[in-house]
Amino acid sequence: MDGGRLGIVRLPTRLECAFIIVGLAGYDRVTPFSIVAGLSLPKQNSGGIIAIQQLYSMNPSLTIVLAQMNATVGDVAANTEKIIALARKAKAEHTADLVLFPELAITGYPPEDLLLRREFLEQVDRHLEKIQAQTPEIAVLVGHPSRESTGLCNSASLYAGGARLITYHKQL
């Protein structure tokens, strides 16, 4: 079974590092790949800047790993194990500070009617807690579905130090 591939990006300054987090905090058209490539520079957002200061105030550079994985639609447990394994591999082999996972990585894409099941979304929440608990040594950005007061969302959460720092929700 293919565990996935890792791509490495090293950013030299904290200012550039902040752009990746700012993209999470409310800019629909900014992707991690466009930010890393320097194609899109979003406006400042205090939530993102606070998160980046918490994570990297002591480190003048940031190593970002882009994780590509073959997620199985609906197999939240197996996808979670892949995410944890790739995060640990990124830290061990590439001294990564931050690893980015694809949209809906925890559920596989597209989860379709699974998102209508309350117990499926509860399972996703439990496994996000597992990712949070088992990857405290590295920052992990993971895509997942969530149900918010506004409805069903395609979300991304940033975990670091055993805590969830920020979540961005895009309504479906």
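The structure contained in this document is the topic of the report that follows. (Residues numbered from 1 in each chain as written. Predicted model: local features only at pLDDT ≥ 70, side-chain atom pairs only at ≥ 80, totals over all residues. Heavy atoms only, no water.)

### Quick word on the pattern of salt bridges
Convention followed: Definition used for salt bridges: Asp or Glu carboxyl oxygen within 4 Å of a side-chain nitrogen of Lys or Arg. Helix and strand assignments come from DSSP, with helices taken as H or I runs of at least 4 residues and strands as E runs of at least 2, each series counted from the N terminus.
Applying the stated criterion across every chain, the model contains 2 salt bridges. Here Glu81 ties to Lys130 by a salt bridge, and the two come within 2.4 Å at their closest N and O atoms. In this pair, Glu81 sits in helix α4 (residues 76-94) while Lys130 sits in helix α5 (residues 118-134), placing the two residues 49 residues apart along the sequence. In this structure, the salt-bridge partner of Glu122 is Arg118, at a minimum N-O distance of 2.9 Å. One end of the pair, Glu122, and the other, Arg118, are both in helix α5, 4 residues apart, so they sit about a helical turn from each other.

### Observations concerning unusual backbone geometry
Excluding glycine, residues mostly have negative phi values, and the peptide bonds linking residues are mostly trans. Applicable threshold: Think of it in three bands: residues with accessible area under 20% of the maximum for their type are buried, residues over 50% are exposed, and the middle band is partly exposed, with areas taken using a 1.4 Å probe on protein chains only.
Residue Pro110 follows Tyr109 across a cis peptide bond; omega there is 0 degrees. Position of Pro110 among the secondary structure elements: in the loop between β3 (98-100) and α5. The phi dihedral of Thr95 is positive, around 45 degrees, even though this residue is not glycine. The residue Thr95 is located in the loop between α4 and β3 in this model. Not every positive phi belongs to a glycine, and Leu104 is a case in point at roughly 55 degrees. Take Leu104: it is sitting in the loop between β3 and α5. A relative accessible area of 7% means that Leu104 is categorised as buried.

### Considering the side chain of Asp97
Put simply, the rule reads: Here the positive residues are Lys and Arg and the negative ones are Asp and Glu; neither His nor the chain ends is included. The definition of a polar contact used here is a pair of N or O atoms within 3.5 Å, where within protein one atom must be able to donate a hydrogen and the other to accept one, and adjacent residues in sequence count solely through side-chain atom pairs.
For Asp97, the location among the structural elements is in the loop between α4 and β3. No salt bridge is formed by the buried Asp97. Its closest oppositely charged neighbour is Lys91, at 4.6 Å. Engagement of the side chain of Asp97 in a polar contact is seen with the backbone nitrogen of Thr63, the distance being 2.8 Å.

### Details of the environment of Gln171
This is how the line gets drawn: It only takes one pair of heavy atoms within 4.5 Å for two residues to be counted as in contact.
Note on placement: Gln171 falls in strand β6 (residues 163-171). In this structure, the C-alpha to C-alpha distance between Gln171 and Glu148, residues 23 residues apart in sequence, is 8.7 Å. Those residues within four positions of Gln171 in sequence are excluded, and the remaining contacts are Thr150, Gly151, Leu152 and Cys153.

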